[in-house]
Every structure is written in C-alpha cells, then in structure tokens.
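Residues per chain, in single letters:
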Amino acid sequence: MVAHVTSVSFEVFGKVQGVYFRKYTQAKAKELGLTGWVQNTQTGSVIGVIHGLTENLERMADWLQNVGSPKSKISHAKLDWQHNGPSPTTSFVIKR
C-alpha cells in the first residue's frame, strides 16, 4: 500500500542566501524522511517544495520558519499546504 503524503510549497525571506540555508534545508529534510527540492531566487529568498507525512512536514515547517541554518536570519516564511497522493519524488535535491 502506498502512503499518501502532503506537500508544502515554501518561500523563506530574510538573510537566507550565502549562509548555507539550502544545504541545511536538504539535511533537515533528509533527517525527517522528506523529499522535494530547494532553490535560491533572484530576489534573495529561498523557495522549494517538500513532500512527506504531515507530522514530519509540521516539524520541517517549524524549522523553516524559526530555525534555519546557523547563520541565517529568517524574517518570515510563506507556506502553502496541499494534500496529495503518492510523493512525486524519491529524494531531496538542491536546484541551482
């Protein structure tokens, strides 16, 4: 049986580029068993999509809004929750 997952699209604002935010996001997502991607934007924010079980996504959402990488300074984050079927990806990647 395939587990149904939830997806969260996110954008994080503040000092989130040049502080290894994507690398730490990937590591946290892998730690929580999540899949998806993360990418810098030209406007200085970081965007991405994560897929997984709701409980783990809630932990990741808290991390994206309140923790981040050690040198980041998060001002705010936008999250868009969507309930989906099976996860469309099998890993978590950093897009360039």
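Everything here concerns the structure above.
Residues numbered from 1 in each chain as written. Predicted model: local features only at pLDDT ≥ 70, side-chain atom pairs only at ≥ 80, totals over all residues. Heavy atoms only, no water.

J.: Quick one: what's the story with the packing of aromatic side chains, residue by residue and with numbers?
T.: Evaluation of the coordinates by the stated rule reveals one aromatic pair. Taking 5.7 Å as the distance between ring centres and 40 degrees as the angle between the ring planes, the aromatic pair formed by phenylalanine 21 and tryptophan 63 counts as tilted. Separated by 42 residues along the polypeptide, phenylalanine 21 in helix α1 (residues 21–31) and tryptophan 63 in helix α2 (residues 54–66) bring together distant segments of the chain. What makes tryptophan 63 buried here is its relative accessible area of 9%. For lysine 95, the ring lying beneath its charged end belongs to tryptophan 37, and the centroid distance is 4.1 Å. (Phe/Tyr/Trp six-rings, centres within 6.5 Å; stacked < 30°, edge-to-face > 60°. Helix = DSSP H or I, 4+ residues; strand = E, 2+ residues; numbered from the N terminus. Buried < 20%, exposed > 50% of the residue type's maximum accessible area, 1.4 Å probe, protein only. Lys NZ or Arg CZ within 6 Å of the ring centre and 35° of its normal.)

J.: Got a sec to walk through α2? Specific residues and values, please.
T.: Helical geometry: 3.6 residues make up each α-helical turn, so side chains three or four residues apart lie on a common side. Between its first and last C-alpha atoms α2 spans 18 Å; for 13 residues at 1.5 Å apiece the expected length is 18 Å, and the two agree. Along α2, the residues classified as buried are Asn56, Leu57, Met60, Ala61, Trp63 and Leu64. Along the axis of α2, the buried positions cluster into a sector of 160 degrees, meaning they face one direction only. Away from the buried face of α2 by more than 90 degrees, exposed residues Glu55 and Asn66 are located. Those residues of α2 that are buried lie in contact with β1 (6–15), α1, β3 (46–52) and β4 (73–83). In the stretch just after α2, glycine 68 is the one whose phi turns positive, near 70 degrees. (Expected span 1.5 Å × (residues − 1). Arc of directions from axis to C-beta. Contact = heavy atoms within 4.5 Å.)

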